[in-house]
Amino acid sequence: MNALPNEYVRRTSWRLLLRILPAIGVGVLWFYGQHGAAMALFATVFCTIGYLTLSPTTRLLGPVTTHWQGDAMLLTLDDGPHPDTTPALLDLLDRHGVKAVFFVIGDRVKQWPELAREIVRRGHTIGNHSQTHPSGRFWILGPRGTWREAAGCQQTLREITGESPQWFRAPVGHYNTFTHPALDELGLRLMSWSCRGFDTVDPDAPRVLRRMASNVKPGAIVLLHEAIPTSVELVEGILELARAKGLRWADPKAV
Ligand SMILES: [Zn+2]
């Protein structure tokens, strides 16, 4: 885990340079009294980096899956496993005959390995959601930190569940120029979403579902979270919304 793969180092080195060169440019312009130009360059670089890294659906940094193929929708559940929600969600999904992608956090899988194995036993798909879920920092991590998060979770999941995930979801959907080289090296593909209701910040389940309703449509990738008090109510609600619209759910294994 400590040694970075050569190809990854090669691909991330020039990207590191792209981070450093604009900063040097701003410094040089400022030094020579070109304060207007320095500020313009700073604002341009700042806005570009901000857009690229904070947009969960941008393809400018590499491929990202935002919609599922065909008419069926895909249910994705982030941030598990967790004893408060995983067992109840597994039972609920069994009752409805729905399969989901559980984007799990490596550290939580280590804490509750039996829950992760149960997700696999029930026929669901395990996805890589980083080792420690550094919500506010993932997008500013350098090559080594990015590798540690993605490869660390992949190794944890392989050791505990026997599965090697093929999907990665970035913590809070933010990624940067080092993310795709790491995913390519690990055989992972980046998955975002097309339907979310900000369930981690809004404790009012009916309001979250109202926010999601217009995006419950063919091919939608639905994002909901584990380990919050409304997890089960929201999954029940989204299943009901899909049923009312006559939409069906995809089996993520049938890619
Ligand atoms: Zn998350």
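Residues numbered from 1 in each chain as written. Predicted model: local features only at pLDDT ≥ 70, side-chain atom pairs only at ≥ 80, totals over all residues.

Draft legend 1. Molecular detail of the overall build of the protein chain. Along the backbone of the protein chain there are 9 helices and 6 strands. What you see for the protein chain is a C-alpha radius of gyration of 20 Å, in line with the 18 Å of a compact globule of 255 residues. In terms of its C-alpha atoms, the protein chain occupies a principal-axis envelope of roughly 70 × 40 × 30 Å. Sorting the 255 residues of the protein chain into buried and exposed places 39% on the buried side. Within the protein chain, contacts between residues separated by at least 24 positions form 74% of all contacts whose residues are at least 6 apart in sequence. (Helix = DSSP H or I, 4+ residues; strand = E, 2+ residues; numbered from the N terminus. Rg over C-alpha atoms; globule rule 2.2 N^0.38 Å. Buried ≥ 20, exposed ≤ 12 C-beta atoms within 10 Å, placed from the backbone. Contact = placed C-beta atoms within 7 Å.)

Draft legend 2. Inspection of unusual backbone geometry at higher detail. For the bond from Gly-80 to Pro-81, the omega torsion is -5 degrees, close enough to zero to count as cis. Its location among the elements puts Pro-81 in the loop between strand S1 (74–80) and helix H3 (86–96).

Draft legend 3. Structural detail: the domain arrangement of the protein chain. Its domain assignment divides the protein chain into domain 1 (6–54) and domain 2 (74–244). The straight-line distance from the C-alpha centre of domain 1 to that of domain 2 is 33 Å. Where the side of domain 1 that touches domain 2 is concerned, the elements lending two or more residues are helix H1 (6–31) and helix H2 (35–54). For the side of domain 1 that touches domain 2, the element with the highest residue contribution is H1, accounting for 7 residues. A per-class count over the side of domain 1 that touches domain 2 returns 4 nonpolar, 2 polar and 3 charged. (Domains from an automatic or database assignment. Nonpolar A, V, L, I, M, F, W, Y, C, P; charged D, E, K, R; others polar.)

Draft legend 4. Local environment of the packing of helix H6 (residues 143–161) against helix H7 (residues 179–186). Packing of H6 against H7 brings their axes to within 9 Å, and their N-to-C directions diverge by 30 degrees. Relative to H7, the element H6 is oriented roughly parallel. Judged by the sense of rotation from one axis to the other, the crossing of H6 with H7 is right-handed. Of the residues in H7, those in contact with Thr-146, Trp-147, Ala-150, Ala-151 and Gln-154 of H6 are Thr-179, Ala-182, Leu-183 and Leu-186. Per-class residue counts for the contact of H6 with H7 are 6 nonpolar, 3 polar and no charged. (Axes fitted to C-alpha atoms, helices over the stretch in contact; angles between N-to-C directions. Parallel < 35°, antiparallel > 145°, perpendicular 65-115°, else oblique. Left-handed = near helix turned anticlockwise from the far one by under 90°.)

Draft legend 5. Representation of H7 in the model. In terms of residue burial, H7 counts as a mostly covered element, since 6 of its 8 residues are buried. Of the residues making up H7, those classed as buried are Thr-179, His-180, Pro-181, Ala-182, Leu-183 and Leu-186. On its buried side, H7 packs onto H1, H6, strand S4 (167–168) and strand S5 (189–190).

Draft legend 6. Fine view of helix H9 (residues 231–244). With 14 residues, H9 extends 20 Å from end C-alpha to end C-alpha; this agrees with the ideal 20 Å at 1.5 Å per step. Looking at the buried side of H9, the elements it contacts are H3, helix H8 (205–213) and strand S6 (221–225). (Expected span 1.5 Å × (residues − 1).)

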